[in-house]
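Single-letter residue listing:
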Amino acid sequence: MEAMNATVKDYILTEFLPGERPDALDESTPLITGGILDSIATVRLVVFLEEQFGVRFQPHEMSPDHLDSIRAITDTVRAKRAEHA
């Protein structure tokens, strides 16, 4: 697992799934549609992503299309970083 995926996974496990086994969360686990992230948790995740990776999310990007799995999150962050490279 690459560093960005590991960082996002560690944050989600620590903040939203304390005590959960790490192997219970993979890159495709549904976070929003699966009920792991509610609206407040989603905002907290976005703040973390912005601070950790130096990107900015638009309000319409705080949705399952961009944040429903670790894979979707890291794809979105990578795309945002590439826009500003």
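The notes below deal with the structure included here.

Analysis parameters
Residues numbered from 1 in each chain as written. Predicted model: local features only at pLDDT ≥ 70, side-chain atom pairs only at ≥ 80, totals over all residues. Heavy atoms only, no water. Helix = DSSP H or I, 4+ residues; strand = E, 2+ residues; numbered from the N terminus. Buried < 20%, exposed > 50% of the residue type's maximum accessible area, 1.4 Å probe, protein only. Contact = heavy atoms within 4.5 Å. Areas by Shrake-Rupley, 256 points an atom, 1.4 Å probe, with all protein chains shown as cover. Lys, Arg positive; Asp, Glu negative; His and termini not counted. Charge placed at Lys NZ, Arg CZ, Asp CG, Glu CD. Salt bridge = Lys/Arg side-chain N within 4 Å of Asp/Glu carboxyl O. Axes fitted to C-alpha atoms, helices over the stretch in contact; angles between N-to-C directions. Parallel < 35°, antiparallel > 145°, perpendicular 65-115°, else oblique. Left-handed = near helix turned anticlockwise from the far one by under 90°. Core = buried A, V, L, I, M, F, W, Y, C linked by side-chain atoms within 4.5 Å.

**Some words on the overall build of the protein chain**
Turning to step 1, where the next piece is worked out: Each helix and strand counted, the protein chain has four helices and zero strands in total.
Turning to step 2, where the next piece is worked out: Each helix (α) and strand (β) of the protein chain, taken in turn from the N terminus, gives the series α-α-α-α.
Turning to step 3, where the next piece is worked out: For the protein chain, the spread of C-alpha atoms along the three principal axes comes to 35 × 25 × 20 Å.
Turning to step 4, where the next piece is worked out: Looking at the protein chain residue by residue over its 85 residues, the buried ones come to 41%.
Turning to step 5, where the next piece is worked out: Sequence separation of 24 or more characterises 58% of the internal contacts of the protein chain that already satisfy a separation of 6 or more.
Turning to step 6, where the next piece is worked out: As displayed, the protein chain has an accessible area near 4900 Å², and 50% of this comes from carbon and sulfur atoms.
Turning to step 7, where the next piece is worked out: Distance between charge centroids for the protein chain: 3 Å, based on 8 positive and 15 negative side chains.

**Looking at the pattern of salt bridges**
Turning to step 1, where the next piece is worked out: Under the criterion given, the structure shown has seven salt bridges.
Turning to step 2, where the next piece is worked out: Here R21 makes a salt bridge to D23, at a shortest N to O gap of 3.0 Å.
Turning to step 3, where the next piece is worked out: Two residues, R78 and D75, come together in a salt bridge whose shortest N-O distance is 3.3 Å. Residue R78 and its partner D75 are both found in helix α4 (residues 70-83); the two are separated by three residues, about one turn of the helix.
Turning to step 4, where the next piece is worked out: You can call D75 partly exposed: its relative accessible area is 42%.

**A look at the packing of helix α2 (residues 39-53) against α4**
Turning to step 1, where the next piece is worked out: In contact at an axis separation of 12 Å, α2 and α4 are set at 45° when each is read in the N-to-C sense. By the angle class used here, α2 and α4 are oblique. Here the hand of the crossing between α2 and α4 comes out right-handed. The residues of α4 that touch α2, namely those facing L45, L49 and F53, are I73, V77 and R81.

**Remarks on the nonpolar core**
Turning to step 1, where the next piece is worked out: Of all hydrophobic cores here, the largest spans 22 residues; its most connected members are I12, L45, L49, I73 and V77.
Turning to step 2, where the next piece is worked out: Among the secondary structure elements, those contributing two or more residues to this core are α1 (3-16), α2 and α4.
Turning to step 3, where the next piece is worked out: Setting aside its immediate chain neighbours within four residues, L49 contacts V8, G54, V55, F57, L67, I73 and V77.

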